[in-house]
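# Commentary on secondary and tertiary structure
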Amino acid sequence: MSNDTSQNGPLEKVIELRLPSKLGYERVAMDTASSLAKRMGFQDDRIDSLKTAVSEAVTNAIEHGNQHDSAMKVVVLLTARDDELIVSVADQGRKPLSQNCTTKIPHLEEIMEQPDKGGWGIWLIRELMDEVEFTTAPSGGNQVRMVIHLER
Amino acid sequence: MNINTTLIASMDISFPSELGYEIIVRDAVESFAHRHGFAPERLEDLRTSLCEACINAIEHGNQCVAHMRVDVRCQYDRKQFQIEIQDQGIRPFSPPERPYSIAEKLAGVGTLRGMGLQIIAHLTDESGFLENDERGNCFRMVFYCDLDRTSRY
Amino acid sequence: MLEDELTVNTRQREGVAIIDLIGDVTTFAEEKINTAYQEVTNQGSRLVLLNFRQNDYINSAGIAILIGIVTEVNRNSQKLAVSGLSQHFQKIFRMVGLAQYADIYQDEDEAIQGFKSITTT
């Protein structure tokens, strides 16, 4: 066995991306995740789902968690394992996410009656990814951890 | 930080020292540059030089020790795109006395590798190692935005 | 940051008002899309086609804008269809439930035929 392990267990190969909290930068996270997923062998339709989920997570971090403060960072961690890709998106938590908004299932008919037609982001992430977990980041901000499985 | 400059945007990306990751970093930086109006006809120059610089950091600076990190910082300030590639400097960079020409390399003088820095120098507007600090080697390359030209080659 | 990545055009074809959406549909698209919809509605169009092209990025903010259009289409008793969406975004439209309010066609020609078959029956 290799001795080359840290105290945290086997070393994982993580790409860390730190982005300004400004709308538009979610595209950089999407392109990076897509590039990694492509090299891991994901099918195109799964990569499309990953891109949408990443865009929603990063957009939430920019708009809600960091309240559009471009000096605040959004941190995206991409971990490639043999059979899955883990994407974690953390903000600096100026505004914490409520439990309600991480579990709510939107209904189109109800939303059409409301002035605000949004609120689909977190639901889309849950629909498109294989595992989704909302936690608090080490920095104290909001963190969403998403896993997409590689089916061979 | 950067009080005297007009920094518009900055992005950091860090990755393990394993060949292959430079492709992901290249795509991330390309996306950043594209979204800030980087000249499309120079994107290939950016892609190639960034990959060469990352491979240098992985192979030489960090000696392919996977858990050693390479940190890439991209900055854009309307005049230029600057990219710094920082390794952990297991092996400090020592420049050859003079680079071998392709003719010499083909004649068997020197190694066939080691073309990276020459390629980068051709494709970028400025490039070179910064004064060494305790963190390791830091390679900097710059692309000007205001030049009325396409790729230099 | 380049935010202006959507081009919106309106035109008429065989009695259908076509709104071409070329590029990304995100929060930045709201004014352009609403203006285009208002324009074709003011012209009295009953049949409206949202014709998507080169859009590899539609996000939930963009979906919210389109739900706003669906709401207006219902209120104004118009008929709405969409064309040109990638398989991925067709799937998302179905997931959200938008497919109940707007027929989804592969391309513009198919959508025009679809409108014809509705209006002649």
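Because the structure is a prediction, the values reported are computed rather than measured. (Residues numbered from 1 in each chain as written. Chains lettered and ligands numbered in written order. Predicted model: local features only at pLDDT ≥ 70, side-chain atom pairs only at ≥ 80, totals over all residues. Heavy atoms only, no water.)

## Section: the sheet that holds strand E3 (residues 80-86) of chain B
Here ten strands make up an open sheet; going across it, the order is E4(A)-E5(A)-E3(A)-E2(A)-E1(A)-E1(B)-E2(B)-E3(B)-E5(B)-E4(B) and the pairing antiparallel. Each edge of the sheet is formed by a strand with only one pairing partner; in this case those strands are strand E4 (131-136) of chain A together with strand E4 (126-129) of chain B. Each strand of the sheet is rotated relative to its neighbour by a mean of 15 degrees, with strand direction disregarded. Inspection of the sheet shows strand E3 (residues 84-90) of chain A paired to strand E5 (residues 142-149) of chain A by seven bridges, in the antiparallel sense. From the neighbouring strand, A:Ile86 faces E5(A), where its bridge partner is A:Val147. Contacting E4 and strand E5 (138-144) of chain B, helix H4 (residues 116-123) of chain B runs over the sheet at an angle of about 25 degrees to E5(B). (Pairing = 2+ DSSP bridges. Helix = DSSP H or I, 4+ residues; strand = E, 2+ residues; numbered from the N terminus. Axes fitted to C-alpha atoms, helices over the stretch in contact; angles between N-to-C directions. Contact = heavy atoms within 4.5 Å.)

## Notes on the confidence of the model for chain B
Residues and elements named next belong to chain B. The share of residues in chain B with pLDDT of 70 or more is 82%, and the mean pLDDT across the chain is 84. Every residue in residues 148-153 is under pLDDT 50, and counting partners more than four places away or in other chains gives 15 contacts. The complex model carries a pTM of 0.88, and its ipTM stands at 0.88. (pLDDT = per-residue confidence, 0-100.)

## Focus on the interface of chain A and chain C
Contacts between chain A and chain C engage 25 residues on the former and 26 residues on the latter. Roughly 2,100 Å² of surface becomes buried between chain A and chain C when both sides are summed, with 63% attributable to carbon and sulfur atoms. Considering only the surface of chain A that becomes buried against chain C, A:Arg27, A:Leu108 and A:Met112 emerge as the three largest contributors, covering 26% of it. At the boundary of chain A with chain C, the tally comes to two salt bridges. A salt bridge links A:Arg27 to C:Asp56; the nearest nitrogen and oxygen atoms lie 3.6 Å apart. The tally of links from chain A across to chain C stands at seven residue pairs in polar contact (both at pLDDT 80 or more). With six residues, the top contributor of residues to the side of chain A that touches chain C is helix H2 (residues 44-65) of chain A. A breakdown of the residues in the side of chain A that touches chain C according to their chemical character gives ten nonpolar, seven polar and eight charged. (Buried area = accessible area lost by both parts, 1.4 Å probe. Salt bridge = Lys/Arg side-chain N within 4 Å of Asp/Glu carboxyl O. Polar contact = N/O pair within 3.5 Å; in protein donor to acceptor, adjacent residues only side chain to side chain. Nonpolar A, V, L, I, M, F, W, Y, C, P; charged D, E, K, R; others polar.)

## Side note on the pattern of salt bridges
Inspection of every chain in the model, using the stated rule, returns 25 salt bridges over all chains. Here A:Lys13 makes a salt bridge to B:Glu18, at a shortest N to O gap of 2.7 Å. With A:Lys13 in the segment before strand E1 (14-20) and B:Glu18 in the loop between strand E1 (9-16) and helix H1 (21-35), this residue pair bridges two chains. With a closest N to O distance of 3.3 Å, C:Glu14 and C:Arg13 form a salt bridge. Residue C:Arg13 is classed as partly exposed on the basis of its relative accessible area of 23%. The structure contains a network of salt bridges with shared partners spanning C:Arg11, C:Arg13, C:Glu14, C:Asp20, C:Arg53, C:Glu108, C:Asp109 and C:Lys116. (Buried < 20%, exposed > 50% of the residue type's maximum accessible area, 1.4 Å probe, protein only.)

## Looking at the layout of surface pockets
Considered as a void within the structure, the largest pocket measures approximately 930 Å³ in volume. Forming the boundary of the largest pocket are 38 residues, of which A:His64, A:Asp116, A:Gly118, A:Gly119 and A:Trp120 lie nearest the centre. Looking at the lining of the largest pocket, the elements with two or more residues in it are H2, helix H4 (108-113) and helix H5 (121-128) of chain A together with helix H1 (30-42) and helix H2 (60-75) of chain C. Per-element tally for the lining of the largest pocket: the top contributor is H2(C), with seven residues. A breakdown of the residues in the lining of the largest pocket according to their chemical character gives 14 nonpolar, 15 polar and nine charged. (1 Å grid on protein atoms, 1.4 Å probe; cavity = no way out; pocket = protein on both sides within 12 Å on 5 of 7 lines; lining within 4 Å. Points joined across faces, edges and corners; volume = space filled by probe spheres on them.)

## Things to note about the side chain of A:Thr59
Mapped onto the secondary structure, A:Thr59 falls in helix H2. If sequence neighbours within four positions are ignored, A:Thr59 has contacts with A:Leu23, A:Glu26, A:His64, C:Tyr57 and C:Asn59.

## Digging into empty space enclosed by the protein
Residues and elements named next belong to chain A. For the structure shown, the criterion picks out five cavities of 30 Å³ or more. In this model, the largest cavity occupies a volume close to 110 Å³. Going through the elements one at a time, H2, E3 and E5 are the ones with two or more residues in the lining of the largest cavity. When residues of the lining of the largest cavity are assigned to their parent elements, the largest contribution, five residues, is made by H2. Looking at the lining of the largest cavity residue by residue, the classes come out as eight nonpolar, five polar and two charged.

## Considerations on the sheet that holds strand E1 (residues 6-13) of chain C
Residues and elements named next belong to chain C. A sheet is described by the order of its strands in space; here five strands give the open sequence E1-E2-E3-E4-E5, paired in mixed fashion. Two strands lie at the open edges of the sheet, namely E1 and strand E5 (103-105), each paired on one side alone. Put simply, the sheet's adjacent strands are angled 20 degrees from each other on average, direction ignored. In terms of strand pairing, E1 meets strand E2 (residues 16-23) through eight bridges, oriented antiparallel. Bridge pairing in E2 links asparagine 9 to aspartate 20.

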